[in-house]
Amino acid sequence: MGKILILNGSPREPRSNSKQYAALFAKASRMDTEYRAITKTNHLELCRAAADCDQLLLVFPLYADSPPVTLLHFLRALAEHPPAEKPRVSVLINCGFLEPEQNDVAVEIIQAFCQANGYPFGSVLEIGGGEAILNTPFAFLVRRKIGKLAAAMATGRSRRLKVTMPITKKMYLGASTTYWENYGKRNGITRAQMETMEIEGR
Amino acid sequence: MNLIMSDRHLELPPADPDVTKWVDLSQMKITNCVGCFGCWTKTPGKCVIRDDAVKIYPLMAASDRVLYVTRVVYGCYDTVMKTMLERAIPVQKAFIRLLHGESHHYQRRVVPKRAVVLGYGEVSCREREIFRRLVERNASNMNFQDVRVEFGPEDGVEQAVRDEVLTWERY
């Protein structure tokens, strides 16, 4: 049935939400999966691993409206050291914003990479509210969509999937404020301190 | 203040240093963002990685006119510019607001700016379109009030930058 190589392109891989999404995907997949994090030093190793898989799943967060530089560096290596049989590339992307559509341009960048380098493009799952959604009652929605992504990849279909928290934007603003306030509190930082207008103390 | 930020060396006419700052990212030591959120939740407004980036994002925030010069790859900033843009998140707050109906982070003291982004390299029509859309999205997160994207060949970059700065009232 083939194998999927799951590559985590998050710069904070050990503590990343992308790692959790990748684990959920591996659990949902009927195909064999192998999980690897992209680091600064393992690009060639991952290019070799890509030769042993039928599909690649790139899992990453949105950084500055586009794929993180961790992943961009790897894509450069993959373009320079392509496997003989190019795997189909799919994307599982998350952003902290409520609107999964904010990921659209990043997906197009991956598609442009695939087009330029001859990789077939597969399916996409875009997650909104991705920083926190797994810790909310809506986590089941993500698991369900990840299941659909896994099914699409297993059958070779190209699907474009999206998921976010089914709440109003106003509710989201309130919930995200509480989330970040609590994040600061754990570091001993108050909301007022987090609200500073100063940059580098000026 | 004007800011020219480039991912390569440029030979430019001498500028008034009180008016125009020029950052050659290719000469800077800037490591990539590690996504720790320290600049939002531990040392708000300051990156915990104390390399050259901490001198640059205050300039990005304080400038009312910016010219970013970058190689474009697959419709994205190449890694030199992209690394710096990712490291600039201390200019934002963790907290989220609605802007044009979309959720975006609040900005700290970031001056509204006129921006020109000059992309160079072999860039296909499709990649140009993707890059334009990327910069449009950046506009919401980088406080660009007015933004223009231009493309040109690598060997024409210096001339394109010179032509651009000649249109500025002060340089």
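What counts and what doesn't
- Residues numbered from 1 in each chain as written.
- Chains lettered and ligands numbered in written order.
- Predicted model: local features only at pLDDT ≥ 70, side-chain atom pairs only at ≥ 80, totals over all residues.
- Helix = DSSP H or I, 4+ residues; strand = E, 2+ residues; numbered from the N terminus.
- Expected span 1.5 Å × (residues − 1).
- Buried ≥ 20, exposed ≤ 12 C-beta atoms within 10 Å, placed from the backbone.
- Arc of directions from axis to C-beta.
- Contact = placed C-beta atoms within 7 Å.
- Nonpolar A, V, L, I, M, F, W, Y, C, P; charged D, E, K, R; others polar.
- Domains from an automatic or database assignment.
- Pairing = 2+ DSSP bridges.
- Right-handed = clockwise from strand over helix to strand, strands pointing away.
- pLDDT = per-residue confidence, 0-100.
- Core = buried A, V, L, I, M, F, W, Y, C linked by C-beta atoms within 7 Å.

1. Focus: helix α4 (residues 125-142) of chain B
Side chains that are three or four residues apart share a direction in an α-helix, a result of its 3.6 residues per turn. A rise of 1.5 Å per residue sets the reference length of α4(B), with its 18 residues, at 26 Å; its end C-alpha atoms lie 25 Å apart and thus fit the reference within 8%. Those residues of α4(B) lying buried are B:Glu127, B:Ile130, B:Phe131, B:Leu134, B:Val135, B:Arg137, B:Asn138, B:Asn141 and B:Met142. The arc that holds every buried residue of α4(B), seen down its axis, measures 165 degrees, which confines them to one face. Packing partners of the buried residues in α4(B) comprise α4 (104-117) of chain A together with β3 (65-73), β4 (76-77), β6 (102-107), β7 (113-120) and β8 (144-152) of chain B. Phi for B:Asn143, located one or two positions after α4(B), is positive at around 60 degrees.

2. Topic: the interface of chain A and chain B
The partner chain B presents 43 residues to the 43 residues of chain A that form the contact. Of the residues forming the side of chain A that touches chain B, the biggest block, eight residues, is contributed by helix α6 (residues 169-186) of chain A. Classifying every residue of the side of chain A that touches chain B gives 22 nonpolar, twelve polar and nine charged.

3. Digging into the domain arrangement of chain A
Domains assigned within chain A are domain 1 (3-166) and domain 2 (168-202). Relative to domain 2 of chain A, the C-alpha centre of domain 1 of chain A lies at a distance of 29 Å.

4. What to know about the pairing of strand β2 (residues 32-37) of chain A
Residues and elements named next belong to chain A. Bridge count between strand β1 (residues 3-8) and β2: six bridges; the pairing is parallel. Across the sheet, residue Ile-4 finds its bridge partner in β2, namely Thr-33. For the crossover from β1 across helix α1 (residues 17-28) to β2, the handedness is right-handed.

5. Here's the deal with the confidence of the model for chain B
The predicted model of chain B averages 96 in pLDDT, with 100% of residues at 70 or higher. Model confidence for the complex is summarised by a pTM of 0.97, with the ipTM given as 0.96.

6. Details of the nonpolar core
All names here are of chain A. Among the nonpolar cores identified, the biggest contains 98 residues, and Phe-25, Leu-58, Val-59, Leu-92, Ile-109 and Ile-110 are the most heavily contacted of them. There are two domains that each give this core at least three residues, and those are domain 1 (3-166) and domain 2 (168-202). Among residues more than four places away in sequence, those in contact with Leu-92 are Tyr-21, Phe-25, Leu-57, Val-59, Leu-125 and Leu-149.

7. Topic: helix α2 (residues 53-62) of chain B
What α2(B) keeps buried is the set B:Ala53, B:Ile56, B:Tyr57, B:Pro58, B:Met60 and B:Ala61. The secondary structure elements touched by the buried residues of α2(B) are β1 (2-6), β2 (20-24), β3 and α3 (79-87) of chain B.

8. Structural notes on the pairing of strand β3 (residues 55-61) of chain A
Residue and element names in this part refer to chain A. Counting buried positions along β3 yields seven of seven residues, so the element is predominantly enclosed. Pairing analysis gives seven bridges linking β3 to strand β4 (residues 88-94), with the strands arranged parallel. By the bridge assignment, Gln-55 is partnered in β4 with Arg-88. The parallel pair β3 and β4, bridged by helix α3 (residues 69-80), forms a crossover whose chirality is right-handed.

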